[in-house]
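Residues per chain, in single letters:
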Amino acid sequence: MQKALMYFALGTVVSFLINYFFISSENIALDIYYAFAFGSAWGIAYYLDTPNFTLPKKLILSFVAMGVLVLIGALIFNLELAIPSILKFSMVFVAYYMIASFKETKSLRK
């Protein structure tokens with residue numbers, strides 16, 4: 001759990017710094033929200049990367065996380081600005097498992 005939180009924190013900070021210094025949407029709250037979505041994806045992907053979770057459980061939990069992100073984004077901003085958080089989340093989530101698939105253990109934890 002601690003490493004999952006570390007992945008979440010590092011993903012959030014790195015994503016925010018890249019967005020803030022290189023992309024600069026001129027909306028700091030939106031940059032923080034997108035960074036939170038990015039970090040959440042890394043943290044949740046790492047947390048679910050165990051044999052304890054079956055593939056259907058992983059999919060359900062990732063969809064629940066995306067739903068929560070959209071709900072938070074729609075409440076704070078609007079639905080149009082919340083949708084890109086799903087794209088960021090799903091791209092990171094898929095990238096994590098794609099990278100893991102190249103390893104013999106099919107996990108980045110081992």
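Before reading on, note that the structure itself is shown above.
Residues numbered from 1 in each chain as written. Predicted model: local features only at pLDDT ≥ 70, side-chain atom pairs only at ≥ 80, totals over all residues. Heavy atoms only, no water.

> How should the environment of Gly43 be read in this particular structure?
Examined against the element boundaries, Gly43 turns out to sit in helix 2 (residues 28-48). Classification of Gly43 by relative accessible area gives buried; the value is 8%. Taking the C-alpha atoms as reference points, Gly43 and Val64, 21 residues apart in sequence, are found 14 Å from one another. If sequence neighbours within four positions are ignored, Gly43 has contacts with Ala4, Tyr7 and Phe8. (Helix = DSSP H or I, 4+ residues; strand = E, 2+ residues; numbered from the N terminus. Buried < 20%, exposed > 50% of the residue type's maximum accessible area, 1.4 Å probe, protein only. Contact = heavy atoms within 4.5 Å.)

> Would you mind going over the packing of aromatic side chains with me for this structure?
Within a pair of aromatic rings, the relevant descriptors are the distance that separates the centres and the angle that separates the planes. For the structure on display, the rule yields 11 aromatic pairs. Centre to centre, the rings of Tyr20 and Phe21 are 5.0 Å apart; their planes meet at 85°, and the pair counts as edge-to-face. Overall, the relative accessible area of 58% leaves Phe21 in the exposed class. Note on Phe89 and Phe93: the rings are 5.6 Å apart at their centroids and 15° apart in plane angle, and the pair reads as stacked. Of the two residues, Phe89 and Phe93 both sit in helix 4 (residues 79-101), four residues apart, roughly one turn of that helix. For the residue pair Phe89 and Phe93, the accessibility class agrees, reading buried in each case. Members of the aromatic cluster, joined through ring pairs, are Trp42, Phe89, Phe93, Tyr96 and Tyr97. It is Lys88 that lies over the ring of Tyr34; its NZ or CZ is 5.2 Å from the centre. (Phe/Tyr/Trp six-rings, centres within 6.5 Å; stacked < 30°, edge-to-face > 60°. Lys NZ or Arg CZ within 6 Å of the ring centre and 35° of its normal.)

> Quick question: what am I supposed to make of the nonpolar core here?
Note that soluble globular proteins tend to have their nonpolar side chains buried in a common cluster. Counting 19 residues, the largest nonpolar core has Tyr33, Leu69, Phe89, Phe93 and Tyr96 as its most contacted members. Every element with two or more residues in this core is listed here: helix 2, helix 3 (55-76) and helix 4. For this core, the element with the most residues is helix 2, which contributes nine residues. (Core = buried A, V, L, I, M, F, W, Y, C linked by side-chain atoms within 4.5 Å.)

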